[in-house]
Amino acid sequence: MQVTSSVREPLVTGGKTVHDVTEDICRQVEGKPSKSWMLGIAVSLVALLIGAYAVFMLVWEGIGVWGLNKTIGWAWDITNFVWWVGIGHAGTLISAILLLFRQKWRMSINRAAEAMTIFAVICAACFPGLHMGRLWLGFYWALPLPNTFGSLWVNFNSPLLWDVFAISTYFTVSLVFWYIGLIPDFASIRDRATNKISKMVYGTLSFGWDGAAKTWGRYEFVALILAGLATPLVLSVHTIVSFDFATSVIPGWHSTIFPPYFVAGAIFSGFAMVLTLLLIARKLLKLEDYITREHVELMNIIIIVTGGVVAIAYATEFFIGWYTGVEYENYTYMSYGAATGPYAWAFWALIICNIIIPGTLWFKQIRTNFITSFIISIVINIGMWFERFDIIVMCLSRDYLPSSWAMFYPTIYDVGVYVFTLGLFFTLFLLFSKFFPVINMAEVKSIIKSSSSKKN
Amino acid sequence: MESNKHFVLGIYDDEDVLLSAVRKVKESGVKIHEVYTPFPVHGLDEELGYKRTRLPIVAFLFGLLGTTLALTMQIWMLGYDWPMIIGGKNFASLPPFIPVTFELTVLLSALGMVGTFMIISNLKPYGKPRLMDKRCTDDKHVMAIDLAKNDLSQDDIKSIIGDSGAQEVNLKDF
């Protein structure tokens, strides 16, 4: 029996059957890579290699090659770190929170979003590691390992250490969640494989999955509990990242609004990145029937909500900065001083990219249009990078002593390390989109009957 | 090598037909070995009479282990092994230990539960699946009846499965 609804749009269009889903998704994995994919991976690898040189020089020479000075001790490194961690959030949000809320529209997009999370967290993790300078000692500084300095332990009172635990737990749980979901789909590819190498590789990856009802029953429980565990994790990770700032004494940083505001900002930028990637994947991998206008609109609505939270947080910061009457607050990233001072360009970039341009998504014509959605998603990602840059660099540039006020100028190594992570991210994502099923076949198959456009 | 297990397979292409078939087959006194499906079919485990998994309890116990481990580690390291005054804070005060405790609770709970799931479901790299029919990871639902565990004859079972709405009735030896 085919169920059609007059109030809900179909989630899979094109009158697909269950077998069509397998064909459409596996075609990408089994076929030869397309020219656009080859071009994409070539560009990403070039970025990765150029960036790798910057990373090598950084490790060889030390962080003196960056443009840091005695006033601004954190700049692009932590900006990029917070930006990448934020991008990761949408993946877990889509797979965990929307699973708990029984949102079926997550099914076509969760796999790619989770992959994005994992790659973004890998990129994020590069920065705290590299900014410690002596990378090889980082293990003793960051993990509670017995070390050569006696039995001196790490400081569990420090938000920086909480970060280490938060990010590594987030990464591990996301990876496990993603992999568990991939196992049944790897089995589908394994059983279709015609050549020896694919049979061996996907045979190994599929862990001997046979689709038994008993295993499916357990599998669904595992997915549900992992979602239950990952949901507070999504909220805790960026909350803890915000503690890096919120527990400090720098004006503009020690702000109790930071935890919820950082989480909203993370979901805002994460969904923007999911949209960017999925709109590209939709075209390149011919997934128009699975990633529909409905999906894009629903993601845009989440962007509107989280963008609204972020906008209110900005207004609150600006108001409180003025209302407290504390003179130092006039130089924070959300203040009259910031809007008119030497970093005014960064302030206005933030306002335009994060409030004004995404504000156009309130119009239905704009949020249901693929091209405008794509452009706005990129603008939001730029805007959210500026937000982190503003918080970190602007607040540090004007500290308590006017004699130590300074500006930050990035060197090519600041840019190079950022380019390295961008190259890494896109290389990993392109490899994923070629060799892994980009859409969760098993889940989509389960909604074909109730949510596809096929009419019997 | 001579095969020693003989199965009758019913192949279905619709989950609703499968669910009613399971009921019919069970009512006619045939014991079902297992059903293999390309996606989770809701209600199938109840029809087959499977008990609810105790994995949530496993997750809770591993979580508890994580909490204990994290608190013990932090209190021992900073409170007893090498007490140090940092920002005038107490050596072993609970509030700053909460974030790490939370993270380790979640980590151990997730890893413990998934590890247990892998072990009890016999999922491992290089695991060789005993596939009844390759199409069960594509679009077909496969009901397997172990002949050795049923008193009815092969032909009777085949006709019961055929009447239950199966598209095909096949034989498979292992």
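Residues numbered from 1 in each chain as written. Chains lettered and ligands numbered in written order. Predicted model: local features only at pLDDT ≥ 70, side-chain atom pairs only at ≥ 80, totals over all residues. Heavy atoms only, no water.

Tallying secondary structure elements over chain A gives 16 helices and zero strands in all. Over its C-alpha trace chain A gives a radius of gyration of 23 Å, about what one expects of a compact globule, namely 23 Å for 456 residues. In terms of overall dimensions, chain A has a C-alpha envelope of 75 × 55 × 40 Å along the principal axes. When the 456 residues of chain A are sorted by exposure, 61% land in the buried category. Taking the intrachain contacts of chain A between residues at least 6 apart in sequence as the baseline, contacts between residues at least 24 apart amount to 81%. Of the roughly 18,100 Å² that chain A leaves accessible, carbon and sulfur atoms contribute 71%. Where the 30 positive side-chain charges of chain A centre and where its 26 negative ones centre are 12 Å apart. (Helix = DSSP H or I, 4+ residues; strand = E, 2+ residues; numbered from the N terminus. Rg over C-alpha atoms; globule rule 2.2 N^0.38 Å. Buried < 20%, exposed > 50% of the residue type's maximum accessible area, 1.4 Å probe, protein only. Contact = heavy atoms within 4.5 Å. Areas by Shrake-Rupley, 256 points an atom, 1.4 Å probe, with all protein chains shown as cover. Lys, Arg positive; Asp, Glu negative; His and termini not counted. Charge placed at Lys NZ, Arg CZ, Asp CG, Glu CD.)

Residue and element names in this part refer to chain B. If you trace the four strands from one edge of the open sheet to the other, you get 2-3-1-4, paired in antiparallel fashion. Bordering the open sheet on either side are strand 2 (34-36) and strand 4 (168-173), each of which pairs with just one other strand. Each neighbouring strand pair of the sheet contributes to a mean axis angle of 25°, computed without reference to strand direction. One ladder, built from three bridges, connects strand 2 with strand 3 (residues 141-146); its direction is antiparallel. Along strand 3, the bridge assignment pairs Val35 with Met143. Against the sheet, helix 1 (residues 15-27) makes contact with strand 1 (6-12), strand 2 and strand 3, and its axis sits at roughly 15° relative to strand 3, the strand it touches most. (Pairing = 2+ DSSP bridges. Axes fitted to C-alpha atoms, helices over the stretch in contact; angles between N-to-C directions.)

Turning next to empty space enclosed by the protein. If you walk through the whole model with that rule in mind, you get two cavities of 30 Å³ or more. Volume-wise, the largest cavity comes out at about 40 Å³. Along its surface, the largest cavity is lined by Asn157 of chain A together with Leu78, Trp82, Met84, Ile86, Asn90 and Phe91 of chain B. Class assignment of the residues belonging to the lining of the largest cavity gives a composition of five nonpolar, two polar and no charged. Looking at the second largest cavity, its volume works out to about 30 Å³. Residue classes in the lining of the second largest cavity are distributed as five nonpolar, four polar and no charged. (1 Å grid on protein atoms, 1.4 Å probe; cavity = no way out; pocket = protein on both sides within 12 Å on 5 of 7 lines; lining within 4 Å. Points joined across faces, edges and corners; volume = space filled by probe spheres on them. Nonpolar A, V, L, I, M, F, W, Y, C, P; charged D, E, K, R; others polar.)

The next thing to look at is the environment of Asp24 of chain A. Residue and element names in this part refer to chain A. When you line up the elements, Asp24 lands in helix 1 (residues 18-30). The exposure class assigned to Asp24 is buried, which follows from its relative accessible area of 13%. Asp24 sits 171 residues away from Asn195 along the chain, and the two C-alpha atoms are 19 Å apart. Among the polar contacts made by the side chain of Asp24, one reaches the side chain of Arg27 at a distance of 2.9 Å. (Polar contact = N/O pair within 3.5 Å; in protein donor to acceptor, adjacent residues only side chain to side chain.)

Below, the discussion takes up a nonpolar patch on the surface. Residues and elements named next belong to chain A. On the surface, Val249, Val326, Tyr328 and Tyr400 cluster together into a nonpolar patch covering about 360 Å² of accessible area. In this fold, Val326 is placed in the loop between helix 10 (293-323) and helix 11 (336-340). A residue is classified by how much of its surface remains accessible, and Val326, at 40% relative accessible area, is partly exposed. (Patch = residues over 30% accessible without salt bridge, like charges linked within 9 Å, V, L, I, M, F, W, Y side chains within 5 Å. Salt bridge = Lys/Arg side-chain N within 4 Å of Asp/Glu carboxyl O.)

Because each turn of an α-helix spans 3.6 residues, side chains separated by three or four positions end up pointing in the same direction. Residues and elements named next belong to chain A. Where helix 7 (residues 196-205) is concerned, the buried positions are Ser198, Tyr202, Gly203 and Thr204. Buried-residue contacts for helix 7 involve helix 1, helix 6 (159-192) and helix 15 (412-435). With a side-chain oxygen lying 3.1 Å from the backbone nitrogen of Ile197, the N-terminal cap of helix 7 falls on Asn195. Note on helix 7: the residue one or two positions beyond its end, Phe207, has a positive phi of about 55°.

The subject of this paragraph is the nonpolar core. Core analysis: the biggest nonpolar cluster contains 194 residues, and Trp84 and Phe271 of chain A together with Met143 of chain B have the highest contact counts within it. Broken down by element, this core gets its largest block of residues, 17 residues, from helix 6 of chain A. (Core = buried A, V, L, I, M, F, W, Y, C linked by side-chain atoms within 4.5 Å.)

Turning our eyes to something else, we now look at the interface of chain A and chain B. Contact with chain A, which involves 52 residues of that partner, is made by 61 residues of chain B. Both faces considered, chain A and chain B share a buried interface measuring about 5,300 Å² in area, 70% of it formed by carbon and sulfur atoms. In terms of surface lost to chain B, no three residues of chain A exceed Phe156, Asn157 and Phe207 of chain A, which account for 13% of the buried area on that side. Taken together, chain A and chain B are joined by zero salt bridges. Connecting chain A to chain B are 17 residue pairs in polar contact (both at pLDDT 80 or more). When contributions to the side of chain A that touches chain B are tallied by element, the ones reaching two or more residues are helix 1, helix 6, helix 8 (213-246) and helix 16 (441-451) of chain A. Among the elements that line the side of chain A that touches chain B, the one with the most residues is helix 8 of chain A, at 17 residues. Here the residues of the side of chain A that touches chain B are counted per class, giving 29 nonpolar, 15 polar and eight charged. (Buried area = accessible area lost by both parts, 1.4 Å probe.)

Turning to the side chain of Arg367 of chain A, a few remarks are in order. With respect to the helices, strands and loops of the structure, Arg367 of chain A is situated in helix 13 (residues 364-367). Among residues more than four places away in sequence, those in contact with Arg367 of chain A are Val296, Glu297, Asn300, Ile301, Ile304, Leu361, Trp362 and Ser373 of chain A.

Two packed helices can be described by the angle between their axes and the distance between those axes. Relative orientation of the contacting elements helix 8 of chain A and helix 4 (residues 98-120) of chain B amounts to 165°, with a least axis distance of 10 Å. Comparing their axes, helix 4 of chain B and helix 8 of chain A come out roughly antiparallel. Considering how the two elements wind past one another, helix 8 of chain A and helix 4 of chain B form a crossing that is left-handed. Within the contact between the two elements, helix 8 of chain A uses Thr215, Arg218, Tyr219, Val222, Ile225, Leu226, Leu229, Pro232, Leu233, Ser236 and Ile240 of chain A and helix 4 of chain B uses Pro99, Phe102, Glu103, Val106, Ser109, Ala110, Met113, Val114, Phe117 and Ile120 of chain B. (Parallel < 35°, antiparallel > 145°, perpendicular 65-115°, else oblique. Left-handed = near helix turned anticlockwise from the far one by under 90°.)

On to the pairing of strand 1 of chain B. Residue and element names in this part refer to chain B. In terms of residue burial, strand 1 counts as a mostly covered element, since six of its seven residues are buried. With six bridges connecting them, strand 1 and strand 4 associate as antiparallel partners. Within strand 4, the residue paired with His6 across the bridge is Asp173.

Each disulfide consists of a covalent bond between the sulfur atoms of two cysteine residues. Residues and elements named next belong to chain A. In this structure the tally under the stated criterion is zero disulfides over all chains. Not engaged in a disulfide, the cysteine Cys123 finds its nearest cysteine sulfur in Cys126; these two sulfurs lie 5.9 Å apart. You can call Cys126 buried: its relative accessible area is 18%. (Disulfide = S-S within 2.5 Å.)

Geometrically, a pair of aromatic rings is defined through the distance of the ring centres and the angle of the planes. Residue and element names in this part refer to chain A. Tallied over the entire structure, the rule returns 48 aromatic pairs over all chains. Here the aromatic rings of Phe245 and Phe262 are separated by 5.8 Å at their centres, their planes lie at 45°, and the arrangement is tilted. Of this pair, Phe245 sits in helix 8 while Phe262 sits in helix 9 (residues 258-284), placing them 17 residues apart in sequence. Looking at Phe262, the relative accessible area reads 1%, which means it is buried. An angle of 50° between the planes, with centres 5.7 Å apart, marks the rings of Phe258 and Tyr261 as tilted. Of this pair, Phe258 and Tyr261 both sit in helix 9, three residues apart, which is roughly one turn of the helix. Tyr261 carries the same exposure label as Phe258, and that label is buried. When the ring centre of Phe370 is taken as origin, the NZ or CZ atom of Arg282, which lies over that ring, is 3.9 Å away. Positioned over the ring face of Phe435 is Lys434, at 5.3 Å from the centre of the ring. (Phe/Tyr/Trp six-rings, centres within 6.5 Å; stacked < 30°, edge-to-face > 60°. Lys NZ or Arg CZ within 6 Å of the ring centre and 35° of its normal.)

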